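The lines below spell out each chain.
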Amino acid sequence: MALHNGLEWDNVQTKLENNTEKLWPLSEMERTGGEPDVVGYDKKNDVFIFYDCSPESPEDRRSICYDREALESRKEHKPVNNAIDMAAAMGIELLTEEQYRELQKLGKFDLKTSAG
């Protein structure tokens, strides 16, 4: 419930029903093993904020590097993809360091897998 502090699900549901294009990125997070969840509300932009709240990095999003440059520079043990391109393909943005630290305050995440 710490994730939903002060949020009413009816408001989230109404917003999603009125903006169905926002459902696709959420379904892409789920398709790749993630657990998208609403964690806040941005009053200025009138949008709910979703993070992937899976306890560990989803299996389909492991063995990746940060960006295409890093991917192309690897000669051996090349990762299968890069985070920048994966996020763009899913219609999402990577968390900033500040957002990641906020996520860590909401629960226990990335205790076993590397996210750095």
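What comes next is a walk through the structure. Remember, predicted model here, so these are calculated numbers, not experimental data. Every chain is numbered independently, its residues counted from 1 as its sequence is written. This being a predicted model, a pLDDT of at least 70 is required before a residue's local features are given, and a value of 80 or more before pairs of side-chain atoms are given or counted; all residues contribute to the totals for chains, interfaces and linings. To get the side-chain values, take all heavy atoms of the structure and skip hydrogens and water.

Quick look at the environment of Asp67
1) Next: Along the chain, the position of Asp67 falls in the loop between strand E3 (64-65) and helix H3 (68-73).
2) Next: C-alpha of Asp67 to C-alpha of Ile84: the two residues are 17 residues apart in sequence and 5.3 Å apart in space.
3) Next: Setting aside anything within four residues of it in sequence, one finds Asp67 in contact with Asn82 and Ile84.
4) Next: At a separation of 2.9 Å, a polar atom in the side chain of Asp67 contacts the main-chain amide nitrogen of Ala70. Starting at the N terminus, helices and strands are each numbered in turn, a helix being any DSSP run of H or I of at least four residues and a strand any DSSP run of E of at least two. Residues are treated as being in contact if the distance between any of their heavy atoms lies within 4.5 Å. As used in this structure description, the phrase polar contact means that two N or O atoms lie within 3.5 Å; if the pair is within protein, one of them must be able to donate a hydrogen and the other to accept it, and residues adjacent in sequence are counted only when both atoms belong to side chains.

Considering the layout of surface pockets
1) Next: Counted as a void, the largest pocket has a volume near 1,600 Å³.
2) Next: Along the walls of the largest pocket sit 41 residues, with Asp52, Ile92, Glu93, Leu94 and Leu95 positioned nearest its centre.
3) Next: Elements represented by at least two residues in the lining of the largest pocket include exactly helix H1 (9-18), helix H2 (23-31), strand E2 (47-52), E3, helix H4 (83-90) and helix H5 (97-106).
4) Next: Per-class residue counts for the lining of the largest pocket are 24 nonpolar, nine polar and eight charged. Cavities and pockets are found on a 1 Å grid laid over the protein atoms alone: a cavity is a set of points where a 1.4 Å probe fits but cannot escape, a pocket is an open set with protein on both sides within 12 Å along at least five of seven lines, and a lining residue has an atom within 4 Å of such a point. Grid points are joined across faces, edges and corners, and a volume is the space filled by probe spheres set on the points. By the convention adopted, Pro, Cys, Tyr, Trp, Phe, Met, Ile, Leu, Val and Ala count as nonpolar, Lys, Arg, Asp and Glu as charged, and the other residues, Gly among them, as polar.

So far we have only geometry, and geometry alone does not tell us how the molecule works.
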